[in-house]
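# Observations on chain architecture
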Amino acid sequence: MISILWLLFQKNMKILEVKNIHKTLAGKQVLQDVSFEVKKWEIYGFLGPNWAGKTTTMKSIMWLIEPESGEIKVFGTNGLMLEDRKSIGFMPENTYLYKHLSGEEFLRFNAKFYEYSSEVCEKKIDEVLEKVWLSWARKKFLKEYSKWMLQRIGLAQAIINDPKILFLDEPMSGLDPIGRRKIRELLVTLNKEGTTIFFNTHILADVESICDTISIIHEWRMLVKNKKVKSIKWWLEDFFIDTISAVSGDLR
Ligand SMILES: Nc1ncnc2c1ncn2[C@@H]1O[C@H](COP(=O)(O)OP(=O)(O)O)[C@@H](O)[C@H]1O
Ligand SMILES: [Mg+2]
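Residues numbered from 1 in each chain as written. Chains lettered and ligands numbered in written order. Predicted model: local features only at pLDDT ≥ 70, side-chain atom pairs only at ≥ 80, totals over all residues.

Moving on, we come to the overall build of the protein chain. Across its full length, the protein chain carries nine helices and 10 strands. Scaling as 2.2 N^0.38, a compact globule of 252 residues should have a C-alpha radius of gyration of about 18 Å, and the protein chain matches this with 18 Å. Oriented by its inertia axes, the alpha-carbon framework of the protein chain measures out at about 55 × 45 × 40 Å. A separation of at least 24 residues holds for 67% of the contacts in the protein chain among residues at least 6 apart in sequence. (Helix = DSSP H or I, 4+ residues; strand = E, 2+ residues; numbered from the N terminus. Rg over C-alpha atoms; globule rule 2.2 N^0.38 Å. Contact = placed C-beta atoms within 7 Å.)

Printed below as a string of structure tokens:
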């Protein structure tokens, strides 16, 4: 009984809270009153058309840019403390990868931040390469990697620290259906192992099959907040287009 209550309590824990953030870039409003929250163990899809404000929101959460107002709490505290940074994973939209490094050198370079002993570091590199099916390519230079391999090595660096929450900006973009499915399967596996996952995307089929909860942002404003995917009748694509049509005119 106590363990069920403990589980329910844990499941309701907010891992990320974004409250009323506003951001202006080059004199243009790019986020307007953006709010949502992510609970522990969720797979959360942050959806919106191109230019909606998804990347800007993620950069704000990562403290790469600073909103003019509003509040962002990760693990219940304002700002990202160094210790908190060690418990999150982040894969940016266009990961800059050092093309002259091999796969394993790139991971070693990233793992430096976590100050692992060299023994632990090598063990972690082996584990993540295995997880993203790249062990065979560990000695190849990144300039020899295909798009699909680069996406996977980007993901490998984001999970090398066993993050409690993983932030991914368009993890499936530019991948073929097989590549997308593989990434989806990997995200589900990581989630089952206890990682909360938050990702930006406009590929709705990926969301429908793996996300628990979604939000929709359009033209810098939230149109839908924290909606359970199960509660959406019919197809997510119809829901998405109807939601955006309601503010931008009929898109059908
Ligand atoms: N550095 C910048 N300077 C000015 N405007 C920007 C900058 N970066 C993004 N924007 C604007 O912010 C808006 C949101 O962009 P972004 O967050 O990248 O959207 P998404 O990730 O949803 O495609 C866009 O309208 C874009 O023009
Ligand atoms: Mg983007």
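There's plenty left to go through after this.
With that settled, consider the confidence of the model for the protein chain. For the protein chain, the average pLDDT comes to 91, and 97% of its residues sit at 70 or higher. Strand β3 (residues 43-47) holds the highest mean pLDDT among the elements of the protein chain, 97, whereas helix α1 (residues 2-11) holds the lowest, 70. (pLDDT = per-residue confidence, 0-100.)

Now for the site of ligand 1. The environment of ligand 1 is formed by L25, A26, K28, V30, G48, N50, W51, A52, G53, K54, T55 and T56. At the level of elements, β2 (28-39) and α2 (54-61) are the ones that each hand at least two residues to the shell around ligand 1. If one sorts the elements of the shell around ligand 1 by residue count, α2 sits on top with three residues. Its residues assigned to classes, the shell around ligand 1 comprises five nonpolar, five polar and two charged. (Near = placed C-beta within 6 Å. Nonpolar A, V, L, I, M, F, W, Y, C, P; charged D, E, K, R; others polar.)

Next up on the list: the sheet that holds strand β8 (residues 196-201). In spatial order, the strands read β6-β7-β8-β3-β9-β10; together these six strands make up an open sheet with mixed pairing. Looking at the sheet topology across the chains shown, the edges are occupied by β6 (88-91) and β10 (221-228). When the angles between neighbouring strand axes are averaged without regard to direction, this sheet yields 10°. Strand direction decides the pairing type here: strand β9 (residues 213-218) and β10, joined by five bridges, are antiparallel. Pairing of I217 across the sheet is with M222, part of β10. (Pairing = 2+ DSSP bridges. Axes fitted to C-alpha atoms, helices over the stretch in contact; angles between N-to-C directions.)

So, on to the nonpolar core. Counting residues in each nonpolar core, the largest one holds 58 residues, and the members touching the most others are A156, F167 and F198. Apart from residues lying up to four places away in sequence, F167 is in contact with M58, I61, M62, I88, G89, F90 and F198. (Core = buried A, V, L, I, M, F, W, Y, C linked by C-beta atoms within 7 Å. Buried ≥ 20, exposed ≤ 12 C-beta atoms within 10 Å, placed from the backbone.)

Turning our eyes to something else, we now look at the sheet that holds strand β4 (residues 69-74). The strand order β2-β1-β4-β5 describes an open sheet built from four strands, whose pairing is antiparallel. Pairing within the sheet leaves two strands with one partner each, and these edge strands are β2 and β5 (77-78). The pairing of β4 with β5 spans two bridges and is classified as antiparallel. The residue of β5 that forms the bridge with V74 is T77.

A few words now on the pairing of β9. Counted residue by residue, β9 has six buried out of six residues, so it is predominantly covered. Of the two faces of β9, the one lined by T213, S215 and I217 and the one lined by I214, I216 and H218 are each fully buried. The pairing of β3 with β9 spans four bridges and is parallel. Paired with G45 across the strands is I214, a residue of β9. Where β9 folds back on β10, the antiparallel hairpin that results is connected by two residues, among which E219 adopts a positive phi of roughly 45°.

The next thing to look at is unusual backbone geometry. One non-glycine residue, E219, lies in positive phi territory at about 45°. One can find E219 in the loop between β9 and β10.

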